[in-house]
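Given next are the chains, with one letter for each unit.
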Amino acid sequence: MKILIIYATAGAGHRRAAEALYEGFRTQDQHDITLIDALDYTNRFHKHFYSESYSFLVTHAPWLWKIFFDLANWPLLFPVIRVLRRLTHALLAQRLNEFLEEGEFDYILTTHFLANEVVSFLKSK
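Residues numbered from 1 in each chain as written. Predicted model: local features only at pLDDT ≥ 70, side-chain atom pairs only at ≥ 80, totals over all residues. Heavy atoms only, no water.

1. A few points about the packing of helix α5 (residues 94-103) against helix α6 (residues 113-124)
Here's step 1: For the pair α5 and α6, interaxial distance at closest approach is 10 Å and the crossing angle is 55°. Classified by the angle their axes make, α5 and α6 are oblique. The handedness of the crossing between α5 and α6 is right-handed. Contacts between α5 and α6 involve Leu96, Asn97, Leu100 and Glu101 from the first element and Leu114, Val118, Val119 and Leu122 from the second.
Here's step 2: For the contact of α5 with α6, the per-class residue count stands at six nonpolar, one polar and one charged. (Axes fitted to C-alpha atoms, helices over the stretch in contact; angles between N-to-C directions. Helix = DSSP H or I, 4+ residues; strand = E, 2+ residues; numbered from the N terminus. Parallel < 35°, antiparallel > 145°, perpendicular 65-115°, else oblique. Left-handed = near helix turned anticlockwise from the far one by under 90°. Contact = heavy atoms within 4.5 Å. Nonpolar A, V, L, I, M, F, W, Y, C, P; charged D, E, K, R; others polar.)

2. Observations regarding unusual backbone geometry
Across the chain, the bulk of peptide bonds are trans and the bulk of non-glycine residues have phi less than zero.
Here's step 1: In this structure, glutamate 104 is a non-glycine residue whose phi angle is positive, near 50°.
Here's step 2: In this fold, glutamate 104 is placed in the loop between α5 and β3 (107-110).

3. Quick look at the pattern of salt bridges
Here's step 1: Overall, the coordinates contain six salt bridges when judged by the stated rule.
Here's step 2: With a shortest N-O distance of 3.7 Å, glutamate 19 and arginine 16 are connected by a salt bridge. Taken together, the positions of glutamate 19 and arginine 16, both in helix α1 (residues 13-26) and three residues apart, correspond to about one turn of that helix.
Here's step 3: Judged by its relative accessible area of 56%, arginine 16 is exposed.
Here's step 4: The shortest N-O distance in the salt bridge between lysine 66 and aspartate 70 comes to 2.6 Å. Residue lysine 66 and its partner aspartate 70 are both found in helix α3 (residues 62-72); the two are separated by four residues, about one turn of the helix. (Salt bridge = Lys/Arg side-chain N within 4 Å of Asp/Glu carboxyl O. Buried < 20%, exposed > 50% of the residue type's maximum accessible area, 1.4 Å probe, protein only.)

4. Considerations on the packing of aromatic side chains
Here's step 1: Under the counting rule described, the total for this entry stands at four aromatic pairs.
Here's step 2: With 5.8 Å between their ring centres and 15° between their planes, phenylalanine 45 and phenylalanine 49 make a pair best called stacked. Highlighted residues: phenylalanine 45 and phenylalanine 49, both in helix α2 (residues 44-60), separated by four residues, approximately one helical turn.
Here's step 3: The exposure class of phenylalanine 45 is exposed, given its relative accessible area of 64%.
Here's step 4: Here the aromatic rings of tyrosine 54 and tryptophan 65 are separated by 5.1 Å at their centres, their planes lie at 90°, and the arrangement is edge-to-face. A residue pair is termed long-range when its members are at least 10 positions apart, and tyrosine 54 in helix α2 and tryptophan 65 in helix α3 qualify at eleven residues.
Here's step 5: What makes tyrosine 54 partly exposed here is its relative accessible area of 21%.
Here's step 6: An aromatic cluster is present here, built from Tyr41, Phe99 and Phe105 joined pairwise through their rings.
Here's step 7: Across the ring face of phenylalanine 105, the terminal group of lysine 2 is positioned such that the distance to the ring centre comes to 5.1 Å. (Phe/Tyr/Trp six-rings, centres within 6.5 Å; stacked < 30°, edge-to-face > 60°. Lys NZ or Arg CZ within 6 Å of the ring centre and 35° of its normal.)

Right, dumping it as structure tokens:
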């Protein structure tokens, strides 16, 4: 079975969860396991900006991060936010799209919403 596990370097939690999954599957010899950072498949500026802005906000302005988080999940704004995120990820994660299409994975596990959205969009196509 060919399994892909995707995280995004935005804090340590997404990566640690993905690594725990990877280690759990790796003990079973019958699986071909791949672990990747979704941000490695975006441009260098986006990867740096995404990781650094997240770290800055949660460290120095957690109240501002909470506002962004709450707005992104507010039911009235969610349809607009979903479209904007989907468009952004389609543009910035083109190499991730290509990797996923070429990989022919049996299962894809994700620990971050960026990868979730890219995978679900490809699946819907």
